[in-house]
Amino acid sequence: MIYVTRDLLTVLRERAASEDPDEANLRLSATPAGEFETNLGLDPETPVVTHFTLPSVGESVSSVFGVDLGTPAGEGGARFVSHPDGFLGISRTDDLAGVVIVAVPPYDDDSVAAFDRAGDGVELAVVDAEPPTESVPE
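Residues numbered from 1 in each chain as written. Predicted model: local features only at pLDDT ≥ 70, side-chain atom pairs only at ≥ 80, totals over all residues. Heavy atoms only, no water.

## Here we look at the overall build of the chain
Thought 1: Along its length, the chain carries two helices and eight strands.
Thought 2: The helix and strand sequence of the chain, counted from the amino end, reads β-α-β-β-α-β-β-β-β-β.
Thought 3: Counting over 138 residues, the chain shows a buried share of 36%.
Thought 4: On the chain, roughly 8100 Å² of surface is accessible, and the fraction owed to carbon and sulfur atoms is 49%. (Helix = DSSP H or I, 4+ residues; strand = E, 2+ residues; numbered from the N terminus. Buried < 20%, exposed > 50% of the residue type's maximum accessible area, 1.4 Å probe, protein only. Areas by Shrake-Rupley, 256 points an atom, 1.4 Å probe, with all protein chains shown as cover.)

## Observations regarding the confidence of the model for the chain
Thought 1: Taken as a whole, the chain shows an average pLDDT of 85; of its residues, 83% reach a score of 70 or greater.
Thought 2: Across residues 57–63, confidence stays below pLDDT 50; counting only partners more than four residues off in sequence or on other chains, it has six contacts.
Thought 3: Taken together, the stretch residues 66–76 has pLDDT below 50 and engages in 16 contacts with residues farther than four places along the chain or on a different chain. (pLDDT = per-residue confidence, 0-100. Contact = heavy atoms within 4.5 Å.)

## A short note on the environment of Pro 32
Thought 1: Of note, Pro 32 is situated in strand S2 (residues 25–32).
Thought 2: Along the sequence, Pro 32 and Pro 47 sit 15 residues apart, while their C-alpha atoms lie 4.5 Å from each other.

## Quick notes on the sheet that holds strand S3 (residues 47–53)
Thought 1: One open sheet holds the eight strands; their spatial order is S7-S6-S5-S4-S2-S3-S1-S8, and the pairing between them is mixed. If you trace the sheet from one side to the other, it starts and ends with strand S7 (121–122) and strand S8 (124–127), each paired once.
Thought 2: Examined bridge by bridge, S2 and strand S4 (residues 78–82) share four bridges and lie antiparallel to one another. Among the inter-strand pairings, Asn 25 is bridged to a residue of S4, identified as Val 81. (Pairing = 2+ DSSP bridges.)

## Section: the pattern of salt bridges
Thought 1: Scanning the entire structure with this criterion turns up four salt bridges.
Thought 2: Here Glu 19 makes a salt bridge to Arg 15, at a shortest N to O gap of 2.9 Å. Separated by four residues within a single helix, Glu 19 and Arg 15 lie in helix H1 (residues 6–19), roughly one turn from each other.
Thought 3: The partner of Asp 95 in a salt bridge is Arg 79, and the shortest N-O contact between them spans 3.9 Å. Of this pair, Asp 95 sits in the loop between S4 and strand S5 (99–103) while Arg 79 sits in strand S4, and the two are 16 residues apart along the sequence. (Salt bridge = Lys/Arg side-chain N within 4 Å of Asp/Glu carboxyl O.)

In C-alpha cells:
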C-alpha cells in the first residue's frame, strides 16, 4: 500500500491536466507518518508521499558534472506519470521507481492508480493531513 496526501494528489492531477496532451513525469518524495502533527494511525516510520520535485531542478549541475542534485539523498522512491492516451498502467517508456502513481484523463479521483515497478497494482490510500511545515534555516 502507498499513502499519499490528498492535497498532493490534487496538485498532481491538476498538473497532468495542464500538461495534456503531453505527459507529466515527476519525482515524488515522502515524509514519515510520525513527523505529521496529526496522528495518522500509521506506524511512525510509514512513508507518506507528500512532495514532488520539478523536472528542471538540478539539471544545470547534472548536465555539467553528471550528478543529480535535484533529489535529496534517500528520497525519490516514487514517481508520478500521466498517460494522456488513457492507459492506466505502466508503459515501457515510463521512468520507473519503487512505486509509480499513474493518472489518465479526465484526471479525477477515479482515474488515478498506483503500481510497483513490475506493473502490478498497489493499493493507493489517500491521507487527509498536511505534511509538517518546513522552512529554510536562517
